[in-house]
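Each chain is listed here by its residues.
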Amino acid sequence: MSSGWLSAPLPERGGQLSEIDTSVPHIARVYDYWLGGKDNFAPDRAVAEAAMREDPNVVEGVRGNRAFLARAVRHLVGQAGVRQFLDIGTGIPAANNTHEVAQDVARECRVVYVDNDPIVLAHARALLTSEPEGATAYLDADLRNVAEIVRAAAGTLDFTEPVAVMLIGILHCITDEDDPAGIIRQLMGAVPPGSYLAISHPANDINSPGVGRLASRLNELMPMRLRFRSRAEVAPFFDGLELVEPGLVRGPEWRPDSDADLGNPAAVWAGVARKS
Ligand SMILES: C[S@@+](CC[C@H](N)C(=O)[O-])C[C@H]1O[C@@H](n2cnc3c(N)ncnc32)[C@H](O)[C@@H]1O
């Protein structure tokens, strides 16, 4: 099977964009600005710039987060032998999307992308460029609706075979009231032994007080509530799973490929764990 849509026919870009409220800043577009992308609007840029004044490391840090994503995917395909990915909180397509990194190692990898932001949906065509031996699909859905995600993803992924669940830079968009640990338990309950969970999560206990000011500023300027967490708050997200070496560490310290990787200032907690 080649790439396809799980949820809906590909919308006309113009029609989709007309549903996007560009007057309200959104984390996907703020993040796109930090990554040097062009899919952002003046209110997004104003928030991104204000945040950069609070924490000058933020731009380098988001690049460090993307670098962790790529290293984790290469590890999962190359060393762990995983061939299926459920990447939730995909973001606006950027360099080194999950399927590109995975299929560079094994062309037969299958990837389902999930995001709930209409602008990501509008640009999702760039994610549907699978190698013919593999597959990619995009689902417009909310992480808080695990049952819907699993049901729709089963059109592309075989849930009797290991799946790597990627929650990269998304869990801070889930408040404590929405029970992120419960969401993760439900997701990991849907995948078989031999599956993996990869998380990166903005920290509130690294590079403080800069990062604390960054989080407060983002919450002041955006309607979406963000919850940065400490290492002690992120660690339980891996309960019942076996963390692979080096465990839950600052993103740049997770199997760095170079001194440049290691020197990145990203204030995120990152880990990869196996379900046995
Ligand atoms: C900071 S971006 C991270 C993008 C990418 N994973 C990365 O790390 O480079 C967070 C993404 O999560 C998405 N998101 C936030 N809350 C979500 C939810 N409840 N369900 C699905 N996607 C969500 C946003 O729309 C945004 O695209």
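Please refer to the structure placed before this passage.
Attention here is on the structure that accompanies the text. Here the structure is a predicted model, which means the values were calculated and not measured.

**Considering the site of the ligand**
Okay, step 1: If you check the shell around the ligand, you find 22 residues, and the closest are Tyr 31, Gly 89, Asp 115, Leu 143 and Ile 168.
Okay, step 2: The separation between an oxygen atom of the ligand and a polar side-chain atom of Arg 66 is 2.9 Å.
Okay, step 3: Relative to its unbound accessible area of 600 Å², the ligand is 98% covered by the protein chains.
Okay, step 4: Mapping the ligand onto the cavity grids shows that it belongs to the largest pocket.
Okay, step 5: Mapped onto the shell around the ligand, the elements with two or more residues apiece are helix 2 (27-34) and helix 4 (58-78).

**Topic: the packing of helix 3 (residues 42-54) against helix 9 (residues 210-221)**
Okay, step 1: Their axes nearest at 8 Å, the elements helix 3 and helix 9 cross at an angle of 155 degrees. With respect to their mutual orientation, helix 3 and helix 9 come out roughly antiparallel. Along this stretch, helix 3 crosses helix 9, giving a crossing that reads as right-handed. Every residue of helix 9 that contacts helix 3 at Val 47, Ala 50, Ala 51 and Glu 54 is listed here: Gly 210, Arg 213, Leu 214, Arg 217, Leu 218 and Leu 221.

**Comments concerning the nonpolar core**
Okay, step 1: Counting 54 residues, the largest nonpolar core has Leu 86 and Leu 167 as its most contacted members.
Okay, step 2: Leaving out residues up to four positions away in the same chain, Leu 167 has contacts with Ile 88, Leu 143, Ile 184, Leu 187, Leu 197, Ala 198, Ile 199 and Ser 200.

**Looking at helix 3**
Okay, step 1: In a regular helix each residue adds 1.5 Å, so 13 residues correspond to 18 Å; helix 3 covers 19 Å between its end C-alpha atoms and thus fits that length.
Okay, step 2: Restricting attention to buried positions, one finds in helix 3 the residues Asp 44, Val 47, Ala 48, Ala 50 and Ala 51. Projected onto a plane normal to the axis of helix 3, the buried residues spread over an arc of 165 degrees and lie on a single side.
Okay, step 3: Elements that come into contact with the buried residues of helix 3 comprise helix 2 and helix 9.

**Observations concerning the packing of aromatic side chains**
Okay, step 1: For the structure shown, the criterion picks out one aromatic pair.
Okay, step 2: Measuring from ring centre to ring centre gives 5.5 Å for Phe 68 and Trp 254, while their planes differ by 90 degrees; the resulting arrangement is edge-to-face. Of the two residues, Phe 68 sits in helix 4 while Trp 254 sits in the loop between strand 8 (249-250) and helix 11 (259-263), which places them 186 residues apart along the sequence. For the pair Phe 68 and Trp 254, one class covers both residues: buried.

**Quick look at the pairing of strand 3 (residues 110-115)**
Working note: regular strand, side chains alternate between the two faces of the sheet.
Okay, step 1: Of all six residues making up strand 3, five are buried, and the element is well covered by its neighbours.
Okay, step 2: One ladder, built from five bridges, connects strand 2 (residues 84-88) with strand 3; its direction is parallel. Counterpart to Gln 84 in the pairing with strand 3 is Arg 110.
Okay, step 3: For the crossover that starts at strand 2, traverses helix 5 (residues 98-105) and ends in the parallel strand 3, the hand is right-handed.

What counts and how
- Residues numbered from 1 in each chain as written.
- Predicted model: local features only at pLDDT ≥ 70, side-chain atom pairs only at ≥ 80, totals over all residues.
- Heavy atoms only, no water.
- Near = heavy atom within 4 Å.
- Polar contact = N/O pair within 3.5 Å; in protein donor to acceptor, adjacent residues only side chain to side chain.
- Areas by Shrake-Rupley, 256 points an atom, 1.4 Å probe, with all protein chains shown as cover.
- 1 Å grid on protein atoms, 1.4 Å probe; cavity = no way out; pocket = protein on both sides within 12 Å on 5 of 7 lines; lining within 4 Å.
- Sits in = over half its atoms within 2 Å of the grid points.
- Helix = DSSP H or I, 4+ residues; strand = E, 2+ residues; numbered from the N terminus.
- Axes fitted to C-alpha atoms, helices over the stretch in contact; angles between N-to-C directions.
- Parallel < 35°, antiparallel > 145°, perpendicular 65-115°, else oblique.
- Left-handed = near helix turned anticlockwise from the far one by under 90°.
- Contact = heavy atoms within 4.5 Å.
- Core = buried A, V, L, I, M, F, W, Y, C linked by side-chain atoms within 4.5 Å.
- Buried < 20%, exposed > 50% of the residue type's maximum accessible area, 1.4 Å probe, protein only.
- Expected span 1.5 Å × (residues − 1).
- Arc of directions from axis to C-beta.
- Phe/Tyr/Trp six-rings, centres within 6.5 Å; stacked < 30°, edge-to-face > 60°.
- Pairing = 2+ DSSP bridges.
- Right-handed = clockwise from strand over helix to strand, strands pointing away.

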